[in-house]
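Listed below, chain by chain, are the residues.
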Amino acid sequence: MKKFISIVLVAVMAIACGVSAFAATGFVSSPSGNPAPVVVSGSVKVTPYAERSTLTPELKTLIEKAYSEIAASSDLTALIPGLSALANGKQVSVSDLFDISPVQSSNNGYDVVLKADTLKDFVALAHMTKDGKWEVISGAKVSADGKNLEMHLTDCSPFAIVVANNRSPETGSNAIIITLASIMAVSAAAAVSVAVVRKKRSV
């Protein structure tokens, strides 16, 4: 019985760590679950994170690096230079991650307009350069109707849409507490059930 309870407690602690890690992630929604942004104008191709296997090995490695760094970050303003000034004290997260590749090369860069469903509370467009460093795309903005993202790009590779995350820390903490309480209740019920079954068998 003691062994069973010990196993249950270890499981609760492992799940608690997992929940805490999820709460600290730099994503506000899963980039794998988002529909790909649609190119409205511009000679570029968009590849969502979920379809990264279709990219060249170099770009696949780069977008996975971008994902890992965002997911591990509890403060994107410390990860991405120049983001702090645009965030203006707001808590920010990434709502989408995708690759932009040119259809044909251009010496003058690329004027691009994308239609996306992840632009609510837009703060900035972040870009991971080919050497694996982050930057903010200056001048990137959302159209007046809130549906399109307009930008001028001089380089292409992974891009991340950064938005204000309006979820308060208290809400996140409460969610963790509720989750842990539920897990412990289920664990206690399981322990009682095992104890009852063993008592009946010993009679």
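Higher on the page you've got the structure.
Residues numbered from 1 in each chain as written. Predicted model: local features only at pLDDT ≥ 70, side-chain atom pairs only at ≥ 80, totals over all residues. Heavy atoms only, no water.

Caption draft 1: Quick look at unusual backbone geometry. Positive phi, close to 55°, is recorded for Asn88, a residue that is not glycine. Its place among the elements puts Asn88 in the loop between α4 (83–87) and β3 (92–102). Phi is positive for Asp121, which is not a glycine, with a value near 60°. With respect to the element layout, Asp121 can be found in the loop between β4 (110–115) and β5 (122–128). The exposure class of Asp121 is partly exposed, given its relative accessible area of 35%. (Helix = DSSP H or I, 4+ residues; strand = E, 2+ residues; numbered from the N terminus. Buried < 20%, exposed > 50% of the residue type's maximum accessible area, 1.4 Å probe, protein only.)

Caption draft 2: Expanded view of the environment of Thr154. Tracing the backbone shows Thr154 in the loop between β8 (148–153) and β9 (158–164). Judged by relative accessible area, Thr154 falls into the exposed class, the value being 69%. C-alpha of Thr154 to C-alpha of Asp111: the two residues are 43 residues apart in sequence and 9.0 Å apart in space.

Spatial relationships are all this shows, so hold off on functional conclusions.
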